[in-house]
2 protein chains.
Amino acid sequence: MLSKNVYFFGGGKAEGGAKMREVLGEKGANLAEMTNLGLPVPPGFTITTEACAAYLENGGNYPKDLDTEVHYALTRLEKLIGKKLGDPKNPLFVSVRPGTALSMNRAAGRSQAEAPSMESILNLGLNDQSAARLAEQSGDPRFAWDAYRRFIQMYACAVLGVNAKRFEDAANAARKAQADLTADDLKGLVDGYKKIVRAETKREFPQNVQDQLWGAIEAAFASRGNTLAVSPDTKGAKTCMGTAVTVQTMVFGNMGGDSGVGVCSSRDPLTGKNEFCGRYVPHAQGKDGTTGVREPQNLSVLQKTMPLVYKKLSDAKNRLEKHFRDMQEIEFTIQQGKLFLLQTDSAGRSGAAAVKCALDMVKEGRIDKEEAIMRVTPGHLDALFQPIPESAETHAATTVSLSAEGEQEAAARHPEEEEERAAPKITKELETFLGWCDEVRDDSLRGEIKGFRIRADADIPDEAKYAFEFGADGVGLCRTERMFFDPKKLLHFQAAILAETAEERKAALKKLLPFQKRDFAWLFKAMNGKPVVIRLLDPPLHEFVPQTKADTETLAAYLDMKAKDVQAKIDLLRERNLLDYRGCRLAVIYPEIYDIQIEAIALAAVDCVQKTIPAHPEIIVPLVSDPAELALIRSRAEAVWQKVQNKTDTKIPFRFGAMIETPRAAFLAKEIAEYADFFSFGTDRLTRAMFALSRNNAASFVSACLAKNLLDADPLRTIDERGVGEVLTLAAARGREEKGDLKCGLCGEHGGDPETIDFCYRAGLSYVSCPPCRIPLARLAGAQAVIRNA
Amino acid sequence: MLSKNVYFFGGGKAEGGAKMREVLGEKGANLAEMTNLGLPVPPGFTITTEACAAYLENGGNYPKDLDTEVHYALTRLEKLIGKKLGDPKNPLFVSVRPGTALSMNRAAGRSQAEAPSMESILNLGLNDQSAARLAEQSGDPRFAWDAYRRFIQMYACAVLGVNAKRFEDAANAARKAQADLTADDLKGLVDGYKKIVRAETKREFPQNVQDQLWGAIEAAFASRGNTLAVSPDTKGAKTCMGTAVTVQTMVFGNMGGDSGVGVCSSRDPLTGKNEFCGRYVPHAQGKDGTTGVREPQNLSVLQKTMPLVYKKLSDAKNRLEKHFRDMQEIEFTIQQGKLFLLQTDSAGRSGAAAVKCALDMVKEGRIDKEEAIMRVTPGHLDALFQPIPESAETHAATTVSLSAEGEQEAAARHPEEEEERAAPKITKELETFLGWCDEVRDDSLRGEIKGFRIRADADIPDEAKYAFEFGADGVGLCRTERMFFDPKKLLHFQAAILAETAEERKAALKKLLPFQKRDFAWLFKAMNGKPVVIRLLDPPLHEFVPQTKADTETLAAYLDMKAKDVQAKIDLLRERNLLDYRGCRLAVIYPEIYDIQIEAIALAAVDCVQKTIPAHPEIIVPLVSDPAELALIRSRAEAVWQKVQNKTDTKIPFRFGAMIETPRAAFLAKEIAEYADFFSFGTDRLTRAMFALSRNNAASFVSACLAKNLLDADPLRTIDERGVGEVLTLAAARGREEKGDLKCGLCGEHGGDPETIDFCYRAGLSYVSCPPCRIPLARLAGAQAVIRNA
């Protein structure tokens, strides 16, 4: 069965409607819907996206019967209006507008929005004859020749590929000669424009209106954007979606003072308040309102000058918002006192407006909470929350002194008491909205996995505090090395690295114990009983040894040694490759480092619990590649933990997990799960290992691949589902072969990416962890994932 | 049902036999076998490995009934001999020998052979009373006290943990006082030894012979080696195999001139010739023959002095070799003119002997070809073939001049004509043997995969020539960068890297074309129609740019530029990360490099074919991580290839493959196979990616893990089956989902490792590729894999 290629709208009735966006394009579908609602829409017809796709797939041949269908629809239109395209006596004029399935406003939240493939062409049907007739009929030759001039330019640029500058230059030259162009001036310009077309294309500007029409249709079909259009449903698959083409009776906003064009919004797009607002430009056509050619006026002017038109517009706005159950942006034209609606669309809005509007619409009973959640995009929240200022990050670090005594003093000054600088705040309205998101995530159920949590990457107490305020369900990643890099603690750690015996090393590390204990205790306190995942030391030791001569001298002074002897020690360690180990491989050579970290965590937890602050430490081991490694580290950790419990006579539960960030760990996940209570996927490192990318060239490789269309998205930003996603899924499944209820999470940069969050939900992960500033966004994205995949 | 713990042998009949090695240990099993053959074996009994394993698994408790069974066997032995352990009138003396399931000779070919867990204890049953009686019975008090002295030392060291040095010092002190020790001296030494035991263990040396016996059994059971014994069947799994313990009637080789001990081999273990040979030490016990205490004599001396004993030994040797169908090494003792056999085992042998012996045994109709193949270990061949000397490798490179004219001149001097230095040779006998191996591999069938080939990694024509002589089935990996690194060609390539436009780059690369064409043509010629896998350029460009000031100046002179301008260009490229790309990622930024390589390969193939030399190029793309990359590179390659074909009017088929060396490529193997005719697994890089290991720290990490038992083998030497093996298997399976007959191979260092070769056969790979010097070993290992997995 052949599909219908052309859909008619007009006379109070339309074929198709708002639900046919994929076929009619956003514009065509909404025009049909408005027509069916009885709103004043200039009649016309829409050629489907499918017809366009067929044209492209068939090497530029129109689908069979398209011409017949267009001819039929045009005849129907001419009958309805009582005018005929190209008729010398009573000419019909139309606009030709391309429209993709995805409106620009809807696309704004996505990463790869496609620009419309071709600019709209207005006033089609004008030629030398009909222009003269329009001048006569309208009694306004100036208007008629101006319309013709505009048409030639639009058509020549969009269809014939002539550079717009040529026309603009000619118009400017004419204006220079005379301030206000007369009808004759404009007629002269028409001649000039036609000459430009002849010179540039070696052909006359088409006088045949059928040629004009089909030229415009073909240009819309063949425009370059179409062939590369990205389908929104099959992320990244390059399929041809096609462009719908709407042919619509022209109405003119430039027929005098009682004419004009405007755009209005059913609510305030900046604040979201339920206030009708918009702009209106009298005596204008098309983009005049937005290009600064004319000064736009507030809608209140319209209300005063044409109260009936305003009333009609306001009624239509109410009707449309109620019908579409969303804030609408409406394009309108007034032709000699008569209102026409040319387009309606979900209105673009600020983040604050999106939240307010969603909340209000639920209160007004128009939408339910789930729909409200889907109305706000992660992009809306992204703009509201920027990364935490660096000065705040390092704050805790700079307020402590070197000695253990000083530490205790500093401990008394809890960061909470200090008054967190200009920090982003969550408004009450946003909190209500995000609360709804939390409910959706909390209630979600995938098999036996209940809930989908959002945790924060938080290395230092300040970050944890932000994270808590932003509504994190816990800390998903505390990178303990940030605590070591602190200049006040670094010397002790450098001494430990340079120690020659395990005993010497233990002694040096012991000095770090109170610092670490305090940091961990603050973390637990900041999270107030929510779980805190602490990653044991990860970076290679060479990142910690002195890099400059001055640093070496400082360390030498601290160790009471000569600088050159310190340097010699470092060189020796480097030669023996002892500085290159990272992740849990460190524990293979220097097990004492993890020992001290475990002890600090245990002591901090005991401290909290003894002060009736709940603490839920979850210790995680980085860079695991073999179950034997994890078994070794776990048994040592358990021994240290037990020792602290015995000494303090306090029982503290802790969970022990593995970071899955080498592909080998994914394959051996079943065996690793024997020694792990949970998994955390370190997808940044996992991605680099899967691609065999080094830190150095990852960014430049990815951008080169994106430029050459070899990758659909940056895999270090949005999880690479086909590769990294698969290995993650494999690891989770294998881990659960060993432990059916094994909790899995993801941490790091990916955790704040909405598409990755959606993947994680589908993959059965229990949580994602992201930087604190992305927590609000992630709370939303997580809820949307639940709803989307229900 | 309880298993039998003790097996008796003696009186011409034995329980068990050679096939019960796993239960009786190599030694016990062979003694039983020899007894059943009617050979003169001192009777005794063997306690099973299972009894030992049960003892260890039960925390040091003997299995139920062991004591009863030992008591019964001992009684039976005493009855047979007519003497009783500890009997004051007619004492029996026994040896206690531990024995693992794997003999030392058999284990020699493996990487992790376990040393026997305890030294043998001879003369058990001696105490103050029985020693005196032995002196009386033998009429040789010197012999008796010497035997007792030896027993105390052996027992104290093996069972009581006393340091042997204490006894040696005492013996040396005695010897210093007097050149030849008398019976009284030795009796005095016995007293001294007993004092040492008392001092060291705070106990008297046990006089109770039952205590002696059980002490020895328990020491053998509990010795440290057992608990760590590595089972040979489940590679790397640490299971307790247990040690068998053989208790055997003592015979004495130190009872005068007509006594002695010796070891003989049924053929020459160095050459493999069928000549009876061995050593014999008169008037000696135990290790006297090997420790230099006495001078060993050739067997011909025995033939002269004791012709009847020699005849009996020679007959026994013939009988044993025929029976075991392998070269035997036999331990014997002569006690007062009477021959006893104490042990037989497959004889250790040199590589040459292993091959000769295997060939001869087939000729003699004793074994079939498959058995012959299994008789030679890869280790035997490894020693015969060392890596090709560096001077030979670089030879081709240094005989060419810079200009294209010079190149043609050089081309006339084909490397084959030069007389290609001391290269290892394959002997005629080895060639026959390896020919059998080839047949086995050629005929092998796994599903639809016929044959299992051995190819060589060969970067330059010389290597290919060696590989061909060594019997390679083709080149499995030609790393083309070796051709670029040649100093004469490097300048052109450096010029290409610094080029600012694609055109400039093409011009510089064009100069490399004749060099590359010639190299490839030589490769094809050297392989004479066998397939040649050529890997397109792989290393990052920064490896090619000048590293020293002198190099920069040379390049500057060549480019007619200032050195600092050259350096500035390099710095700029480095800043823009353009030098960091490697593998096919190079082709994303500089597609011209691969273009020129493809052109050179095509021209070389045309050249060969036009000279009626068959050429089968197989082009392979390194570091693929996405099907889109491969599609892009393949379409470009096909275009270049077609151009050469058109220009030369010659049709040359080529195959196009992907290196699977990123884990992501393995996951996307189905999609990648759309654009690949074959896969080659680069397991070196794949291993590093799976473990997330950098080049820098891989070696040191691996050795640390091996030392801590975190890894069973070096994964960069023997493929890590659990991780890398699995991802490889996944990739092959997914690739074959797309193309059922997709050929897969492995290349690089792993390709020369016997265990990896076995894995590759099981994984359904069509070939492995290894360095030329390992080709003979790989031909053997490949055949063994076929037989082992039949």
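Look above for the structure.
In what follows, the accompanying structure is described. This structure is a prediction, so every number in the text was calculated from the model and none was measured.

The rules we used
- Residues numbered from 1 in each chain as written.
- Chains lettered and ligands numbered in written order.
- Predicted model: local features only at pLDDT ≥ 70, side-chain atom pairs only at ≥ 80, totals over all residues.
- Heavy atoms only, no water.
- Helix = DSSP H or I, 4+ residues; strand = E, 2+ residues; numbered from the N terminus.
- Contact = heavy atoms within 4.5 Å.
- Pairing = 2+ DSSP bridges.
- Axes fitted to C-alpha atoms, helices over the stretch in contact; angles between N-to-C directions.
- Least-squares fit on C-alpha atoms with pLDDT ≥ 70 in both.
- Buried area = accessible area lost by both parts, 1.4 Å probe.
- Salt bridge = Lys/Arg side-chain N within 4 Å of Asp/Glu carboxyl O.
- Polar contact = N/O pair within 3.5 Å; in protein donor to acceptor, adjacent residues only side chain to side chain.
- Nonpolar A, V, L, I, M, F, W, Y, C, P; charged D, E, K, R; others polar.
- Phe/Tyr/Trp six-rings, centres within 6.5 Å; stacked < 30°, edge-to-face > 60°.
- Buried < 20%, exposed > 50% of the residue type's maximum accessible area, 1.4 Å probe, protein only.
- Parallel < 35°, antiparallel > 145°, perpendicular 65-115°, else oblique.
- Left-handed = near helix turned anticlockwise from the far one by under 90°.

1. Remarks on the side chain of Asp519 of chain A
By the secondary structure assignment, Asp519 of chain A is in helix H24 (residues 513-527). For Asp519 of chain A, the residues in contact, after removing those within four places along its chain, are Pro461, Met483 and Lys489 of chain A.

2. A look at the sheet that holds strand S18 (residues 531-535) of chain B
Residues and elements named next belong to chain B. Here eight strands make up a closed barrel; going around it, the order is S16-S17-S18-S19-S20-S21-S22-S23 and the pairing parallel. In this sheet, neighbouring strand axes are inclined to one another by 25° on average, regardless of whether the strands run parallel or antiparallel. Direction of pairing for strand S17 (residues 475-479) relative to S18: parallel, over a ladder of three bridges. Considered in S18, the bridge of Val475 is made with Val532.

3. Thoughts on the relation of the copies chain B and chain A
The second copy of the chain is related to the first by a rotation about an axis and a shift along the axis. Each copy superposes on the other: chain B lies on chain A with an RMSD of 0.2 Å after a rotation of 180° and an axial shift of 0.2 Å. Those values place the two copies in the arrangement expected of a two-fold rotation axis. Residue Ala689 of chain B of chain B places its C-alpha closer to the rotation axis than any other residue of that unit, at 2.6 Å.

4. Some remarks on the interface of chain B and chain A
Between chain B and chain A, the contact holds 37 residues from the first and 37 residues from the second. Both sides of the chain B and chain A interface together cover about 3600 Å² of buried area, and 59% of this is carbon and sulfur. Among the residues chain B hides against chain A, the three largest losses belong to Arg664, Phe667 and Leu710 of chain B. Together they make up 19% of the total. The interface formed by chain B and chain A includes six salt bridges. Where Arg722 of chain B meets Asp626 of chain A, a salt bridge forms, and the shortest distance between an N and an O atom there is 3.1 Å. Where chain B touches chain A, the interface holds 18 residue pairs in polar contact (both at pLDDT 80 or more). Of all the elements in the fold, those that place two or more residues in the side of chain B that touches chain A are helix H27 (585-589), helix H29 (627-648), helix H30 (663-667), helix H32 (683-691), helix H33 (698-707) and helix H34 (721-738) of chain B. Among the elements that make up the side of chain B that touches chain A, the one with the highest residue count is H34 of chain B (six residues). Residues that form the side of chain B that touches chain A fall into these classes: 20 nonpolar, seven polar and 10 charged.

5. A closer look at the packing of aromatic side chains
Both the distance between ring centres and the angle between the ring planes are used here to describe each pair of aromatic rings. Residue and element names in this part refer to chain A. Per the counting criterion, the structure on display carries 47 aromatic pairs over all chains. With a centroid separation of 6.4 Å and an interplanar angle of 55°, the aromatic rings of Phe433 and Trp436 are classed as tilted. Separated by three residues within a single helix, Phe433 and Trp436 lie in helix H19 (residues 428-443), roughly one turn from each other. This pair shows no difference in class: Phe433 is buried, exactly as Trp436 is. Ring centres of Phe493 and Phe544 lie 4.8 Å apart, and the angle between their planes is 80°; on these two criteria the pair is classed as edge-to-face. Of this pair, Phe493 sits in helix H22 (residues 487-498) while Phe544 sits in the loop between strand S18 (531-535) and helix H25 (549-559), placing them 51 residues apart in sequence.

6. Details of the packing of helix H35 (residues 754-762) of chain A against helix H36 (residues 775-788) of chain A
All names here are of chain A. Viewed as axis vectors pointing N to C, H35 and H36 meet at an angle of 45°, and their least axial separation amounts to 9 Å. If you check the angle between H35 and H36, you find them oblique. For H35 against H36, the interelement crossing comes out right-handed. Taking contact as the criterion, the partners of Pro754, Ile757, Asp758 and Tyr761 in H35 are, on H36, Leu777, Ala778, Ala781, Gly782, Ala785, Val786 and Arg788. Here the contact of H35 with H36 is composed, by residue class, of eight nonpolar, one polar and two charged.

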